Amino acid sequence: MHVIPHPTWIEVDLAQFQRNVAAIRKRIGKRLFCLPVKANGYGHGLVGIGRAAEAAGIDYLGVSCLQEGIELRRAGVQIPILIFGGIHEEQIPFCIEEALDVTVSSRFKAELIAKACEAVGRFCRIHVKVDTGMRRVGVRVESAEELIRFIKEQRLLDLVGIYSHFATAEEPEDPTAKAQLEQFLQLKEKVKMPCLWHMANSGGVVFYPESHLDMVRPGLLVYGYWPNEQRVEEVAPILTLKAKVSYFKVVPKGAGISYGHRYRTREVSRVATVPIGYGDGFRRAFSKGGSVLIRGKRYPIAGSICMDQFMVDLGSGEAYVGDEVVLIGKQGKEEISLWDLVRISDSIPHEVLTLFNERIPRRYIYSKSESMILT
Ligand SMILES: *Cc1c(COP(=O)(O)O)cnc(C)c1O
């Protein structure tokens, strides 16, 4: 494969990905497994993760919008793909054409889709979204049955699923999560519609086994993280963010570094330059308190992160141009966890993972000796 060499990249460990999938399979038994790959596969690469998921026997992919679904189809992914977000009228023909499952939360949209199906004489696969408390998209529980029956009656609407989404499932025994689940189960009992009923995100998979139903949709957990700093033992992160030292110099004591000279050396120091910046998604907010690993040692980021580069104060430490720098992940005995960056920037793991943009190539590692670069 022809690839343009780039000194900053994300490595995705697909062997660990498969172990994560297998570990979650153990929890869910024979239920269908939908993997959310929205936002560029939580930063791991949409197509790379989509293909790996299909190969790992994942049953369904979840995307946020039409363009993600089309990109997966164009890459040859054939398993069902559900678009979680609301679909817009002008997007409907594309969903039909590309056999993408559409989320419907209103009769208005259902009618538009039915009309578009009639125009081309083709089916559209529908999942009805029910709002049990997230208040994002979804028909109200009281109106859900009517909408479900309406869709069922349409000749070319294929009612594939009915689903809801937790707002607070990261804690066990959470009253809101329990109330949401209760409402959804009552609806299921009432309408008795044979289709895929699904609700569980990562929190649901771990803490609310009664929410597993016909299909689960854990995202963060499959990528090896948990929404708070607690660890889930059976999964591990699959992403490492790396770069190569692009420049090295020695500066005097008291030298200001980077824009605004917000950092000054305390002694004669060796300084390395790393070719990644906020223009790649490595946020300026990581400047203060951030660190990197070089030759197995941890060094502080020196001064403000620039658009495309930043500096590291090595003190009297050693580094050569071309040395590998780890910004997230392990090197030797040291580790910089995603959580270090989450804490520094007052964020959440989902957000930090999705910062890294298309300028950073993704490299998929199947085993120690084999890798493949995709963007
Ligand atoms: C993102 C998303 C998920 C996955 O959530 P995690 O917290 O990553 O497990 C599941 N369902 C829907 C509808 C989503 O949008």
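All figures in this text were calculated on a predicted structure; none of them were measured in a lab.

Participant: Tell me about the overall build of the protein, and name the residues and values.
Facilitator: Across its full length, the protein holds eleven helices and 22 strands. Each of the 375 residues in the protein was classed as buried or not, and the buried ones make up 55%. If you take every contact in the protein between residues at least 6 apart in sequence, the share linking residues at least 24 apart comes to 65%. A total accessible area of about 17,400 Å² is found for the protein, and carbon and sulfur atoms account for 51% of it. Taken together, the 49 basic and 44 acidic charged side chains of the protein have centroids lying 4 Å from each other.

Participant: Outline the packing of aromatic side chains, supporting the account with residue identities and numerical values.
Facilitator: Scanning all chains against the criterion turns up seven aromatic pairs. Between Phe282 and Phe310, the aromatic rings sit 5.4 Å apart at their centres with planes inclined by 15°, giving stacked as the arrangement. On the criterion of sequence distance, the pair formed by Phe282 in the loop between β15 (269-274) and β16 (291-294) and Phe310 in strand β18 (residues 310-315) is long-range, its members being 28 residues apart. Judged by relative accessible area, Phe310 falls into the buried class, the value being 0%. An aromatic cluster is present here, built from Phe282, Phe286 and Phe310 joined pairwise through their rings. Over the aromatic face of Phe150 sits the side chain of Arg107, whose NZ or CZ is 3.9 Å from the ring centroid.

Participant: Which residues make up the site of the ligand, and what values go with them?
Facilitator: Taken together, 13 residues lie around the ligand, and Lys38, Tyr42, Ser202, Arg217 and Leu220 are the ones closest in. Within the contact set of the ligand, a nitrogen atom lies 2.8 Å away from a side-chain nitrogen or oxygen of Arg217. In the complex, the protein chains occlude 93% of the 390 Å² of accessible area that the ligand would expose alone. Cavity membership is defined here by more than half of the atoms lying within 2 Å of grid points; on that basis the ligand lies in the second largest pocket. Classifying every residue of the shell around the ligand by side-chain character gives five nonpolar, five polar and three charged.

Participant: Quick rundown of helix α7 (residues 141-153)? Include the residues and the values.
Facilitator: Among the residues making up α7, those that are buried are Val141, Ala144, Glu145, Leu147, Ile148, Phe150 and Ile151. Those residues of α7 that are buried are in contact with β5 (101-104), α6 (107-120), β6 (124-131), β7 (139-140), β8 (157-163) and α8 (175-191).

Participant: Requested: an account of helix α3 (residues 46-55), with residues and values cited.
Facilitator: Note on helix geometry: an α-helix contains 3.6 residues per turn, so any two residues three or four positions apart are oriented the same way. Of all the ten residues making up α3, seven are buried; the element is thus mostly covered by neighbouring parts of the structure. Listed in full, the buried residues belonging to α3 are Leu46, Val47, Gly48, Ile49, Gly50, Ala52 and Ala53. Positive phi appears at Gly57, one or two residues downstream of α3, with a value of about 85°.

Participant: Requested: an account of the layout of surface pockets, with residues and values cited.
Facilitator: Looking at the largest pocket, its volume works out to about 780 Å³. Lining the largest pocket are 31 residues; nearest its centre among them are Pro237, Ile238, Leu239, Thr240 and Lys330. Where the lining of the largest pocket is concerned, the elements lending two or more residues are β1 (8-13), β11 (239-244), β19 (324-331), β20 (334-336), α10 (338-344) and β21 (362-367). Partitioning the lining of the largest pocket into residue classes produces 16 nonpolar, six polar and nine charged. Taken as a whole, the second largest pocket spans an internal volume of roughly 500 Å³.

Participant: For the environment of Ala119, give the residues involved together with the corresponding values.
Facilitator: Tracing the backbone through its elements, the reader meets Ala119 in helix α6. Judged by relative accessible area, Ala119 falls into the exposed class, the value being 66%. Separated by 26 residues in sequence, Ala119 and Pro93 have C-alpha atoms that sit 9.4 Å apart.

Participant: Got a sec to walk through the pairing of β11? Specific residues and values, please.
Facilitator: β11 sits mainly inside the fold: five of its six residues count as buried. Two strands pair when backbone bridges link them, and β1 and β11 are joined in this way by five bridges, in the antiparallel orientation. Along β11, the bridge assignment pairs Trp9 with Lys242. One ladder, built from four bridges, connects β11 with β19; its direction is antiparallel. Across the sheet, residue Ala243 finds its bridge partner in β19, namely Val325.

Conventions adopted
Residues numbered from 1 in each chain as written. Predicted model: local features only at pLDDT ≥ 70, side-chain atom pairs only at ≥ 80, totals over all residues. Heavy atoms only, no water. Helix = DSSP H or I, 4+ residues; strand = E, 2+ residues; numbered from the N terminus. Buried < 20%, exposed > 50% of the residue type's maximum accessible area, 1.4 Å probe, protein only. Contact = heavy atoms within 4.5 Å. Areas by Shrake-Rupley, 256 points an atom, 1.4 Å probe, with all protein chains shown as cover. Lys, Arg positive; Asp, Glu negative; His and termini not counted. Charge placed at Lys NZ, Arg CZ, Asp CG, Glu CD. Phe/Tyr/Trp six-rings, centres within 6.5 Å; stacked < 30°, edge-to-face > 60°. Lys NZ or Arg CZ within 6 Å of the ring centre and 35° of its normal. Near = heavy atom within 4 Å. Polar contact = N/O pair within 3.5 Å; in protein donor to acceptor, adjacent residues only side chain to side chain. 1 Å grid on protein atoms, 1.4 Å probe; cavity = no way out; pocket = protein on both sides within 12 Å on 5 of 7 lines; lining within 4 Å. Sits in = over half its atoms within 2 Å of the grid points. Nonpolar A, V, L, I, M, F, W, Y, C, P; charged D, E, K, R; others polar. Points joined across faces, edges and corners; volume = space filled by probe spheres on them. Pairing = 2+ DSSP bridges.

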